[in-house]
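If you want the building blocks of each chain, they are given just below.
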Amino acid sequence: MVQSFHPGLNSFFIRLYQIVDDPSLDSIVSWSETNDSFVLWDLGGFRTRILPKSAEFGRNISEFVSELRYQGFKQIGRSEFGRQDFVKSKLLKKKVEMFDANVKQRNLKLRQRKQENKSRISFKICKFESLCL
């Protein structure tokens, strides 16, 4: 199957793939037997353990399902969802990891620049203040 996942890669897909692919969460959410969809096994656990840590999913199950539909996912069963290009694969996992690493690296650089700018501003202010040491 040809993967066309990368062009639509966003924080929702990254976070969803990471959660579905995390074996420690299999009792709550996991890949289906065919690895081309995922199943929400424990809605209560999803609501209490995953939603509070994943702002892109919404505040409740209803918002999460709405976001899934908006992102092109189809409801297959009562609590099973799938999308043609959202499948368990080594290639897709690698793309997700690379994209996530790039985002983290970019965020780190932005924080460093922000800190450097704060230092420059502090220096400029103190340069003209007689009370600065």
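Description of the structure in this document. Note that the structure is predicted; figures quoted are calculated from it, not measured.

**Points about the packing of aromatic side chains**
Under the definition given, this model contains 16 aromatic pairs. Taking the centre distance of 4.8 Å and the plane angle of 50° together, the rings of Phe-46 and Phe-64 count as tilted. Of this pair, Phe-46 sits in helix α2 (residues 43–50) while Phe-64 sits in helix α3 (residues 61–70), placing them 18 residues apart in sequence.

**Notes on the pattern of salt bridges**
Applying the stated criterion to the full structure yields two salt bridges. The partner of Arg-59 in a salt bridge is Glu-63, and the shortest N-O contact between them spans 2.8 Å. Asp-85 is paired through a salt bridge with Arg-83; the nearest N and O atoms lie 2.5 Å apart. Using a relative accessible area of 9% as the deciding quantity, one classes Asp-85 as buried.

**Things to note about the sheet that holds strand β4 (residues 80–82)**
Pairing within the open sheet is antiparallel, and its four strands lie in the order β1-β2-β4-β3. Edge positions in the open sheet fall to β1 (29–31) and β3 (74–75), since each of these has one partner strand only. Against the sheet, helix α1 (residues 11–21) touches β1 and β2 (38–40), its axis set at about 90° to β1. Along the sheet, α3 contacts β2, β3 and β4; its crossing angle with β2, the most-contacted strand, is approximately 165°.

**A word on unusual backbone geometry**
The phi dihedral of Asn-35 falls on the positive side, at around 60°, and the residue is not glycine. Mapping Asn-35 onto the fold places it in the loop between β1 and β2. When its relative accessible area of 29% is taken as the criterion, Asn-35 is described as partly exposed.

**A few points about the side chain of Gln-71**
Mapped onto the elements of the fold, Gln-71 is located in the loop between α3 and β3. When its relative accessible area of 13% is taken as the criterion, Gln-71 is described as buried. Those residues in contact with Gln-71, other than ones at most four positions away along the chain, are Asn-10, Phe-12, Phe-13 and Arg-83.

**What to know about the nonpolar core**
Membership of the largest hydrophobic core comes to 23 residues, with the highest contact counts inside it found for Leu-16, Val-29, Phe-38, Phe-46, Phe-57 and Phe-64. For this core, the elements supplying multiple residues, two or more each, are α1, β1, β2, α2 and α3. Among the elements that take part in this core, α1 stands out by supplying six residues, more than any other.

**Structural notes on α3**
For α3, the set of buried residues is Ile-61, Phe-64, Val-65 and Leu-68. The buried side chains of α3 occupy one side of the element, clustering within an arc of 95° when seen end-on. Seen from the open side of α3, the exposed residues pointing more than 90 degrees away from its buried face are Ser-62 and Tyr-70. Those residues of α3 that are buried are in contact with α1, β2, α2 and β4. The backbone nitrogen of Ser-62 has a side-chain oxygen 3.1 Å away, supplied by the residue at the start of α3, namely Asn-60. In the stretch just after α3, Gly-72 is the one whose phi turns positive, near 95°.

**As for the environment of Ile-61**
Within the secondary structure, Ile-61 is located in helix α3. Its relative accessible area of 16% is what places Ile-61 among the buried residues. When the C-alpha atoms of Ile-61 and Leu-43 are compared, they prove to be 7.7 Å apart, with 18 residues separating the residues in sequence. Those residues in contact with Ile-61 that sit more than four places away from it in its chain are Leu-43, Phe-46, Arg-47 and Leu-51.

Each value, and the rule that gives it
Here the residue index of a chain counts from 1 through its sequence in written order. Only residues with pLDDT of 70 or above have their local features reported here, since the model is predicted, and side-chain atom pairs are shown and tallied only from 80 upward, although totals for entire chains, interfaces and linings are computed over all residues. Side-chain metrics rest on all non-hydrogen atoms present in the structure, leaving aside hydrogens and water. Aromatic contacts are taken between Phe, Tyr and Trp rings whose centres are within 6.5 Å, Trp giving its six-membered ring; a plane angle under 30 degrees counts as stacked, one over 60 as edge-to-face, and the others as tilted. Secondary structure elements follow DSSP: runs of H or I no shorter than four residues count as helices, runs of E no shorter than two count as strands, and numbering proceeds from the N terminus. Here, a salt bridge means any side-chain nitrogen of Lys or Arg that lies within 4 Å of a carboxyl oxygen of Asp or Glu. Three labels apply to residues, based on accessible area from a 1.4 Å probe with only protein chains included: buried if under 20% of the type maximum, exposed if over 50%, partly exposed otherwise in between. Two strands are counted as paired when DSSP detects at least two bridges linking them. The contact criterion used throughout is that any non-hydrogen atoms of two residues lie within 4.5 Å. Every axis corresponds to a line fitted to the C-alpha atoms, with the helix fit spanning only the stretch in contact, and the corresponding angles, defined between N-to-C directions, vary from 0 to 180 degrees. Within this scheme, the nonpolar core is defined by two criteria: the residues are buried Ala, Val, Leu, Ile, Met, Phe, Trp, Tyr or Cys, and they are joined through side-chain atoms within 4.5 Å. Directions drawn from the helix axis to the C-beta atoms are what define this arc. We call two N or O atoms a polar contact when they sit within 3.5 Å, provided that within protein one can donate a hydrogen and the other can accept it, with sequence-adjacent residues counted only if both atoms are side-chain atoms.

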